[in-house]
Every structure is written in structure tokens, then in C-alpha cells.
Amino acid sequence: MQLKIMPKKKCLSAGRVPLILFLCQMISALEVPLDLVQPPTITQQSPKDYIIDPRENIVIQCEAKGKPPPSFSWTRNGTHFDIDKDPLVTMKPGSGTLIINIMSEGKAETYEGIYQCTARNERGAAISNNIVVRPSRSPLWTKEKLEPITLPNGHPLVLPCRPPIGLPPAIIFWMDNSFQRLPQSERVSQGLNGDLYFSNVLPEDTREDYICYARFNHTQTIQQKQPISLKVISVDELNDTIAANLSDTEFYGAKSSRERPPTFLTPEGNASHKEELRGNVLSLECIAEGLPTPLIYWIKEDGTLPANRTFYRNFQKTLQIIQVSEADSGNYQCIAKNALGAIHHTISVTVKAAPYWIMAPRNLVLSPGEDGTLICRANGNPKPRISWLTNGVPIEIAPDDPSRRIDGDTIIFTNVQERSSAVYQCNASNEYGYLLENAFVNVLAELPRILTSANTLYQVIANRPAFLDCAFFGSPLPTIEWFKGAKGSALHEDIYVVHENGTLEIPVAQKDNTGTYTCVARNKLGMAKNEVHLEIKDPTRIIKQPEYAVVQRGSTVSFECKVKHDHTLIATVSWLKDNGELPNDERFTVNKDHLVVTDATDSDGGTYTCVANTTLDAVSASAVLSVVDVPNPPFDLELTNQLEKSVQLSWTPGDDNNSPITKFIIEYEDAMHEAGLWHHQAEVSGTQTTAQLKLSPYVNYSFRVMAENSIGRSLPSEASEQYQTKAAEPDKNPTAVEGLGSEPDNLVITWKPLNGFESNGPDLQYKVSWRQKDGDDEWTSVVVANVSKYIVSGTPTFVPYLIKVQALNVVGFAPEPAVVMGHSGEDLPMVAPGNVRVSVVNSTLAEVHWDPVPLKSIRGHLQGYRIYYWKAQSSSQRNRRHIEKKILTFQGSKTHGMLPGLEPFSHYTLNVRVVNGKGEGPASPDRAFSTPEGVPSAPSSLKIVNPTLDSLTLEWDPPSHPNGILTEYTLKYQPRPGSQITEEAITTVDEAMASRQVDIATQGWFIGLMCAVALLILILLIVCFIRRNKGGKYPVKEKEDAHADPEIQPMKEDDGTFGEYRSLESDAEDHKPLKKGSRTPSDRTVKKEDSDDSLVDYGEGVNGQFNEDGSFIGQYSGKKEKEPAEGNESSEAPSPVNAMNSFV
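Keep in mind it's a predicted model, so treat the numbers as computed, not measured. (Residues numbered from 1 in each chain as written. Predicted model: local features only at pLDDT ≥ 70, side-chain atom pairs only at ≥ 80, totals over all residues. Heavy atoms only, no water.)

Re the overall build of the chain
Reasoning step 1: Assigned secondary structure in the chain consists of eight helices and 82 strands.
Reasoning step 2: Within the chain, contacts between residues separated by at least 24 positions form 69% of all contacts whose residues are at least 6 apart in sequence.
Reasoning step 3: Counting every atom, the chain has about 58100 Å² of accessible surface; 51% of that belongs to carbon and sulfur. (Helix = DSSP H or I, 4+ residues; strand = E, 2+ residues; numbered from the N terminus. Contact = heavy atoms within 4.5 Å. Areas by Shrake-Rupley, 256 points an atom, 1.4 Å probe, with all protein chains shown as cover.)

Some details on the environment of Ile-42
Reasoning step 1: With respect to the helices and strands, Ile-42 occurs in strand β2 (residues 38–45).
Reasoning step 2: What makes Ile-42 buried here is its relative accessible area of 16%.
Reasoning step 3: For the pair Ile-42 and Asn-438, spaced 396 residues apart in the sequence, the C-alpha separation amounts to 7.8 Å.
Reasoning step 4: Those residues in contact with Ile-42, other than ones at most four positions away along the chain, are Cys-62, Glu-63, Ala-64, Ala-119, Ala-126, Ile-127 and Asn-438. (Buried < 20%, exposed > 50% of the residue type's maximum accessible area, 1.4 Å probe, protein only.)

Observations regarding unusual backbone geometry
Reasoning step 1: Here the residue pair Leu-167 and Pro-168 is connected by a cis peptide bond, since its omega of -10° sits within 30 degrees of zero.
Reasoning step 2: Among the secondary structure elements, Pro-168 is positioned in the loop between β14 (157–159) and β15 (171–175).
Reasoning step 3: Backbone torsion omega between Ser-475 and Pro-476 reads 5°, so that peptide bond is classified as cis.
Reasoning step 4: Positionally, Pro-476 belongs in the loop between β42 (472–475) and β43 (479–484).
Reasoning step 5: Located in the positive-phi region is Gln-316, a residue other than glycine, with phi close to 65°.
Reasoning step 6: Position of Gln-316 relative to the elements: it lies in the loop between β26 (310–313) and β27 (318–321).
Reasoning step 7: The residue Tyr-698 is not glycine, and still its phi comes out positive at about 55°.

Section: the side chain of Ser-475
Reasoning step 1: For Ser-475, the location among the structural elements is in strand β42.
Reasoning step 2: A residue is classified by how much of its surface remains accessible, and Ser-475, at 1% relative accessible area, is buried.
Reasoning step 3: A polar contact is formed between the side chain of Ser-475 and the backbone nitrogen of Ser-367, at a distance of 3.2 Å.
Reasoning step 4: Look past the residues within four positions of Ser-475 in its chain and what remains in contact with it is Val-365, Leu-366, Ser-367, Leu-444, Ala-445, Glu-446, Asn-523 and Leu-525. (Polar contact = N/O pair within 3.5 Å; in protein donor to acceptor, adjacent residues only side chain to side chain.)

What about the sheet that holds strand β73 (residues 845–851)?
Reasoning step 1: The strand order across the open sheet formed by three strands is β72-β73-β76, and the pairing between neighbours is antiparallel. The open sheet is flanked by β72 (834–842) and β76 (896–899), the only strands paired with a single partner. Put simply, the sheet's adjacent strands are angled 20° from each other on average, direction ignored.
Reasoning step 2: Strand direction decides the pairing type here: β73 and β76, joined by four bridges, are antiparallel. By the bridge assignment, Glu-847 is partnered in β76 with Met-898. (Pairing = 2+ DSSP bridges. Axes fitted to C-alpha atoms, helices over the stretch in contact; angles between N-to-C directions.)

Here we look at the state of the cysteines
Reasoning step 1: Scanning the entire structure with this criterion turns up six disulfides.
Reasoning step 2: The disulfide bridge from Cys-561 ends at Cys-610, spanning 1.9 Å between sulfur atoms. Given an S-S torsion of about -65°, the disulfide between Cys-561 and Cys-610 has left-handed geometry. A residue pair is termed long-range when its members are at least 10 positions apart, and Cys-561 in the loop between β50 (557–560) and β51 (562–564) and Cys-610 in strand β56 (residues 606–613) qualify at 49 residues. (Disulfide = S-S within 2.5 Å.)

Quick notes on the pairing of strand β28 (residues 330–338)
Reasoning step 1: Where strand β25 (residues 295–300) lies against β28, six bridges are found, and the strand directions are antiparallel. From the neighbouring strand, Ile-296 faces β28, where its bridge partner is Ala-336.
Reasoning step 2: With nine bridges connecting them, β28 and strand β29 (residues 341–359) associate as antiparallel partners. Residue Tyr-332 lies in a different strand from β29, and its bridge partner there is Ile-347.
Reasoning step 3: Counted between consecutive antiparallel strands, the loop separating β28 from β29 contains two residues.

Regarding the side chain of His-823
Reasoning step 1: With respect to the helices and strands, the residue His-823 is situated in strand β71 (residues 820–823).
Reasoning step 2: Setting aside residues no more than four positions away along its own chain, His-823 makes contact with Gly-739, Leu-740, Gly-741, Leu-747, Phe-798, Val-799, Pro-800 and His-861.

Concerning the nonpolar core
Reasoning step 1: In this structure, Ile-60, Trp-74 and Tyr-115 are the most contacted members of the largest nonpolar core, which totals 31 residues.
Reasoning step 2: At the level of secondary structure, the elements contributing two or more residues to this core comprise β3 (49–52), β4 (58–60), β5 (62–67), β6 (71–76), β9 (98–100), β10 (113–121) and β12 (131–135).
Reasoning step 3: A total of three residues in this core trace back to one element, the largest contributor, which is β10.
Reasoning step 4: Residues within four places of Ile-60 in sequence aside, it is in contact with Ser-46, Tyr-50, Trp-74, Gly-96, Thr-97, Leu-98, Ile-100, Tyr-115, Ile-131 and Val-133.
Reasoning step 5: Core analysis: the next-biggest nonpolar cluster, separate from the first, contains 23 residues, Leu-468, Leu-477, Ala-509 and Leu-534 among them. (Core = buried A, V, L, I, M, F, W, Y, C linked by side-chain atoms within 4.5 Å.)

Considering the pattern of salt bridges
Once the charged atoms of two side chains with opposite charge are near each other, the side chains can pair.
Reasoning step 1: If you walk through the whole model with that rule in mind, you get 35 salt bridges.
Reasoning step 2: For Glu-547, the salt bridge is made with Lys-544, and the minimal N-O distance between the two is 3.7 Å.
Reasoning step 3: Since its relative accessible area comes to 54%, Glu-547 is described here as exposed.
Reasoning step 4: Of the residues examined, Lys-544 reaches a relative accessible area of 32% and is grouped as partly exposed.
Reasoning step 5: Bridged by salt links that share partners, the residues Lys-663, Glu-683, Glu-708 and Arg-713 form one connected network. (Salt bridge = Lys/Arg side-chain N within 4 Å of Asp/Glu carboxyl O.)

Focus: the confidence of the model for the chain
Fine structural detail should not be taken from predicted coordinates in areas where pLDDT scores are low.
Reasoning step 1: The predicted model of the chain averages 83 in pLDDT, with 81% of residues at 70 or higher.
Reasoning step 2: Counted against residues more than four places away or in other chains, residues 246–257, with its pLDDT under 50, gives seven contacts. (pLDDT = per-residue confidence, 0-100.)

Observations concerning the environment of Ile-791
Reasoning step 1: Note on placement: Ile-791 falls in strand β69 (residues 789–793).
Reasoning step 2: Ile-791 sits 42 residues away from Ile-749 along the chain, and the two C-alpha atoms are 6.1 Å apart.
Reasoning step 3: If we skip the residues at most four places from it in the chain, Ile-791 touches Asn-746, Leu-747 and Val-748.

Describing the pairing of strand β59 (residues 646–652)
Reasoning step 1: Counting buried residues in β59 gives five out of seven residues, a clear majority hidden from the surface.
Reasoning step 2: Both strand β58 (residues 635–640) and β59 contribute to a ladder of four bridges, which runs antiparallel. Among the inter-strand pairings, Thr-640 is bridged to a residue of β59, identified as Gln-648.
Reasoning step 3: The hairpin turn running from β58 into β59, its antiparallel successor, is five residues long, and Asn-641 in that turn takes a positive phi close to 50°.
Reasoning step 4: The pairing of β59 with strand β62 (residues 690–694) spans five bridges and is classified as antiparallel. When the sheet's bridge partners are listed, Leu-649 is paired in β62 with Ala-691.

Details of the sheet that holds β14
Reasoning step 1: Strand order in the open sheet formed by three strands is β14-β17-β16, with antiparallel pairing between adjacent strands. Edge strands, defined here as strands with exactly one partner in the open sheet, are β14 and β16 (188–190). Here the strands of the sheet are splayed against their neighbours by 20° on average, with no regard to which way each runs.
Reasoning step 2: Alignment of β16 against strand β17 (residues 196–198), held across three bridges, turns out to be antiparallel. Considered in β17, the bridge of Gln-190 is made with Leu-196.

Next up, the structure:
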């Protein structure tokens, strides 16, 4: 399907006016090509109110186009202006612009007047607006003598400006002789009329150079009024001046009457009226005087102020509404209020309107025989009058045209012909102004033509609208059709939109919209067509956007911006800061995807925007950088409300450096007692700027403030002024009062002294008082200074005393102090504990009981009882070392205690003593006790030596801790895996050898070689079994002789031989199996950690290991005990270094 736009024709009836209007709108959208005949059109002209600079040539513009080119003429003040007769006036060639050369001679005032330009050709005449030409004026102030003004403090004042009337009106401002603007505030401000208003004057308003300046922007000149002198007399000066003429009552009454409720300085009265034109700025002003200075508020009666168009100026004394309209008419009320009252003033506002267009007439192109309309509709207040002209002549007196008919604001054309071509002017005017619009009717018969260039290429980003132009012209108005592709495929209406100017719109362009499009324009005279091309491109996207960043001052921050775009387009990436260029600073570095800012400063904070541009689109992404730091120090510290024990501190916060202040820390310095040392005083919220501080007497205070935010704490502020409080009696006494004797006959009283800050006054002293607790003595007192200790001599030993220490200074005493109890010095206890009894609990634990000593004999604070105990030693041991005594202390009044960690089978001796703060008392008589036997430790080592095919020899050292009299050793072994036979051998040792204490720290057995002959294995097992059944005696002598060890020393007791071994069935430790799969090291010594288990256990469900000849291999080793163990009472004689025990 084709898309077609086609205008309607023959629209004459009144009932079809909307259709006619629609047609006219379409036609007016056409631009007549300049190569076709057409009436003149004004394209440029000077403003209606044209103010010129009298120092420059006058240029009055008038430009127009038309075919044939128009000629120009002017009128001045309603009559023809013959420029040829004035040598100073020329017309610009090819233009109607006038140039009046007044710089060489002549005056601008000569050419003041109302000018109008006419552009004319064979098809009609167009006229310009009435241009009112006036030279600007900047007159001087009239000479006047201004008397100095003297006013009492607090009175109102208006300094008049009254600038000369200039053209355009001057801009008014007040300055001093140094050209510095005078400060303005709620109290002092400039009115709309230029006067300077004081709600009340203050002594600081006194000056001699209040100067009003008028600036005339058009001529760039400033005029100055004579300076005004003002002197404000203070209350003290009034007292000197008029006190002689007034009674006290009259004088002070006058002083208090200066405070007064508000009254208006401008406008006057309770009501006024204001008129403003539509579209202008409505400015309403209320300035009031009073003491205190009044504040101004605004309301609109029966309505609300427009939020987006209302602004308050001049400290809310001026209300402005921009783009004012008729709806803004009404009553506005300003209210002036201070602590003594309020007044109001009502301003009635009426909004008038100069004419403004509702529908201005538009150029009309018709073909012969067609119909059309020109519409001229305007509004205003009052409603404007509409008048028509044709070719610059009122239509009433213009030549008659049978094809036109006037119907109020509309001219209706019927069956036009070429002679109907003309330029029509519509004038809408009221008392506030006028509107003038030219519109031509051009009757042409023209073939369609397409004005858009052929084969234009349009490139559009996907998912955006595509607009394909087809600017056309023809008369009659052509219809427009669009086709796609070489075969002219139809365009669907639901996808495409054809606008009245011929443009084809694709609301949402997609990739499949790429292609060639053909625009065809047709009317009854013919047709024209044009091809254009459309390409759809991928949109540019920012796939990695910069992110919000908070960095500390001096840090480095990086923003990332990764862009993806259509590969056929070239993208450029740029960075902006706060919508402007990046600072020209080497700290800013831009590379492919990043913006890096090093050494960030406060000024670097802001919004950073990454902008990616192609020829078709642009995308951007922004991130905010906040440069934070610790706050700047507070400043302007001020002390107010200074009382004896409090003061108010106020300050101004420093810059928070983009991190809100959370709290303020206040510190103080005591310049009198601790100069240079600052102490914490208080903390307040970060929203406060004042603090009420509690003070102590007799302190020379200075304060400083620090601000804290999430980054950290600021530097301290400058110190405040010093403030010294008066002296007072101390409000507290020393603390930590104690009474303890250092000798049996004294009492040492100590206390923690007050610091200088706590002294509250000069000459700090302490009144120290004491008396015996249990006596009737009076208090004994002494006054001391600059000490924290006092010693009372000649006291009884360990007697309770009542003590108190009171502070005092030159002003008086501190409150009554608390009484504490102490004791005079202690002495050593005189009596030993009695009836000491020992109960042995087991081989390592004993319990001791004793009777307590009398309290009086302790002569001090009972701290507990102390038990000394030690083990008895042989004569040889006593020769070698001192007796090692052990001590156990039992706190408090306990009369029994346990002695743990004793050695089994040992003799001990103990005594008990009482302990006080001075030391120990005498010892109780020694008590001896013995511990029973305990389980021995394992043999120290086990070795396998000289293994043969059918035998092996075992050697071991006795246990290091026999813990009793050794009676026998139990040997256990097990064949290699696969055999269920377990063998056991028992050998005994006599009492003489029991003193040899060798700890079998480890157990293990060395695996022998496999015997290749099964028969030999069987024989060996049978032999072992038979020998075991013979009672456990084994011939070890042969093996000892065969494998004699030169290190073995002969036995020194009895006959030097061991007795028979017997099994220790009760020793549970002898029944632990060896670790499965263990191997004997190459030195045939079993490490302790691998040989804790006995041989016997290896026969219980675990196969033994043998060497190749079927022999059992095992070896034990352990550390040798270098000294005999203590406590074996039954073996006084030394034993051999190594006890060798072997079996075959």
C-alpha cells in the first residue's frame, strides 16, 4: 500500500471552515522557491522601539525578498521620506536599510521620528512595523547642596537618589568614594526607585560618602550624585547633649521608647494599586521601619503564589512574578512583623495585555481557480481591534477584487486568478501596543518539484525515529506518496507516518528498515520523484559506567568508562567536570577507558561525565566525586554568659570537607596550674555551635575546639580568650586514704593528694586526724602541705586506728571527710602452730592438719600458714648438695592442706609456720612421714645383641624410678606373623639390685631373618617351649662371657649376680602389643617412642617377625640414669652401670 497525502479543494461553505483552515496550514508550510514569481516578504527590520547611540551612525534595517526583487521606499512620521534630498542618508544597495551618517556632521536628535519601510514588486507591497527612532540620553544630576544628616541611634532614615530621567532608564546602585558597594541587609536596603532605606540606624552607619550612582548601559556611562553625610548619635552622646534639659524620668523614658512596632516606609497607607502588562515581570515592594528590624512576609489573598514563577529579592522586601498573565491579577498582601507588633499593606494588581497572536496570517499559494483564506486572530486586554491592508493601503480604499470577501478577522478567497496576487497586512492594536503581520497571496500554476537533494543518505541509530525529507512545491498543492525498494513495495500505515511537509517518519527504526525510499509528488499538471537512502546503525552504549567515589584529600581516584559502538562509526570519548571542560592540570590524565585524578584537592570534587560521541548519537554517564578530609578547625571562639562556675562557649565550624561533622570536642588549659597541658572538657553534637561549660574555682581557663567527622579529627582551633574563676573552698577531699605501719611502733598515713585544678584556691593544705579505734582518746590532728604521707610514731604494735584527711585552702575547708580504719605497724608472730598431724593419702599425696595460733600472738594481719617439707637424704647425697625444701602457703585461717607431687617410697619431713604482713613466725616441731611404694617405671633401655640362628641375647637397664624394691622383670616376645605362639620369660632380681632404677622408656623387637627350612623353625619353637616349662631359669652366663661388655662394672653387693626373674602379672603396662609392622633400625636400637610395649603382648593375636634363620630379633634402648634415684631405702649400695640379662 502507498502512503499518500492529498489536500482538499473547493472549500467555500461556512460549515467547512475547519477543513479550509487545515488546507491553509498545509499550504503555508510550503516555501516558494526564489526562482518563481512571488510578492515581497520582509525578512529583517529594526525593533519597534529603536534607541540609538547618539555617538554612532544611525542604521535602520529593512530587508526583503521577492521575485522580481523588490524596490524600497520609506515614510517618516507618516509622510514620504525622500532620502535623495538628504546627503547624510543613504540606502544600502540591494536592500532597504537606511544609513544616516551623523558622525561626520548632524545630530541624532534631528532624525528622531517614526519610520516605516515598504518593499514593492509587480505582485504586491509589504510594509515594516512603525519603527520609533530615539537617541539615548544620560543626563547629569542637577546641582544641589546636601546638608549633613544627624540622627539618634535607632531612628529610621531614607536617603533619596532621584536619578535624572534617561533613555533607557538608568540602573541605580549605592557606593562609597572607593567605588565599593555599600553593604545591604534586612535593616538597610535599596528600593526599586533607587532610594536607600534604613529601618533603623546604628552608630556604624555613620559615614560621609553615601553616593548614589546611575549607570546608563546604552552609552556605557555612569553619573554620580553628590555624597550624603550621615552621623548617628549614640545613647551616650545623647546623654551628654540633652541630659541637662531632661529629668531622669524623661531621659530614660526616651531611651526605652526607641523600640517600636513596624510602619511602612514604602508604599504609603494600607492599600495601593499596581498595573503590569502580560509577559512582563511583576515587581511588588514593601519596606518597613521599626526596632527591632521588621521582617517581611508575602501572601496572595484568595489564592496561592505560583511556585515556579515567584522569586523573593532584596531580603524578601520585593516579590517578583515572571511571565505574568491575567491569572496573576488579584490582591497581594505584605506583612511587616517584629517583636512589638505587625502591620500589613494590600496591593491590588491588574494585569493588562498588549495584543498577542492567536493565529497570525500565513503566506498563501493558490493555483488559478482555487479557494483559500487568510486568518488574523489576536487577543489582548482590552481586546484589540483588527484592521486589514492590502499592499500597504487600507483594504477599504484599495482597488476592489471580486475574488475576496472580508469576514471580520478572515479574508475568504474564491476562484482566484493571477491578478488576485497581493500582500495583505493585518494590524491588531489596543492602547498598549499593536501587531503588524504581512501575508501574501500568490496565484501560480506550477508542476510539482521536489526540493530535497537526490540520493540523500540518512543514517539513523536503531530504535530511534527516522525522518526522510521530501520538501516539495507545486501549484496546485501536490499529493505525496512514498515507496520502498526498486519494485516499489508498499509502506504500511501502522509503521510509517507521512507529515504534511512530505517528510516520511519511521517512529522506531530497525535494521530491516535499511534501504532505498522513493518520494513521488503529483498534481494535475504533472509529477516528480526523488530517491533517498536509509542506513540503520547500532546505538552507542557505555557498557562500564563511572561510579560514585569518595576519596580523601591527596589520594588518587580513577573513573572507568568503556564504550561500545557501531563498527562503521568513529566514536570519540571526552570527559567533562560539572558540565564544563576538565581543568588544565597535569593531575588529570585521560587514557582509553579511564580518567585518573591524582593528588585530589577540594576543588576536584564535583560531577564527572563521560561523553561518547559519534556523528549520529551521543551518550553520557556521570559520577560524583567527593573529596573528603578531616574538618577544618573551628574558629571565632567566643566566651559569653560568664558566671562563677559556668561559661558559654560559641564557635564557627570550619569546612566539613564533604564529610558531615559528627561532634565537637572541647578541651581546656589551666594556665595557672598546668600551662601547656590540654584536658578533655566536653563533647557536643556536630549540629551545635555553642556549649554551656561547667567550671571549677581558681582556674585560669582557655578553651579550644576540635571537629570530628567520619575521616578523623581536625586540628585544634585557636585558643579562646582566658577566663579565670574565683577561688573557693575545696569541694572534695583526698582519696585513697590508708593507714599502715612501716615499723612495729608507727602508723604511716598516706593519701592521693588533690591536683592544682582540684585545689579551688591557693595554699592547699591537708588536715590529718587519727585516734585509736577502741579507745576513748580525742582526735589528734596536724596540718601539712605539699606532702601525701604523715608518720605517727610511738604507737602500740598492730592497733586499729581511725583516720581522716581533710583538704583546706585560704578560703576554707572541704566537706567533712570520710573516716577510714588503719593499723599501726606489724611484728613477727610469736607462736608456732601446734598439734601438726600428717595423713598419707597415697604414694604421691599427703594431708597435713594443725591447730591455729591465738590471734594476739600473730601481731599483724593473718595472711595464712606456710608448710615447709623436704625429702630425707642418704649420707652420700647430703655431701653432694643442699637439702631442697619445698614450700606450700595456705591463705587465710585454714588449718589443713594437701601436699601433692610426693615421690613414692620416700621419707619426708615437714613443719608449719604462721605468716602475717611482717613475715613468718617460728616453725612447729618437725614431723616425719613416709610414702608407700608405687608402680615402677619401665626399664630405661632394651637391646638385642649377638643374634644367632637359634638364639639371641637381650640387655636392658633398670628403670629410672623403681618407686620401691624391684622384685622381678617380665620379658615377652612373639614369633613373626603367621604364628600364634607367644613366649614369656621371667627373671628375678634380689633386693641388692633393686636400687638400680632404669626406666624402660620403650619396647620393641627386631625382626630376624626368615629361616628357609621349616623344620628348623619347628625345632626352635619346641626348644623354646621346653625351656619355658622348666621354671624360667635361663643360662645367661655363657652369653655374658661370650659377649662381655668392657663397660660393664662388676657387681659390688652380694655375689654380683641377679636372682631369678618372676612374672609381674599385676603390671598392666607389660601387656601392650608392639606396633604392627614395625622394623628395627640398622643400629639395632629400638627408639623409645616405638618400644613402649612389652614382648608378652605381641603373642596375643599378633604374628611375630623373624630373620631368615628363624631367630627372633628385638632390641630396646633408653637413656642412662647418671645419678641414683632418691628414696629407695632398701638399696644403699651402688649398682652396675648396665644390668645385663640374657636368655638363649
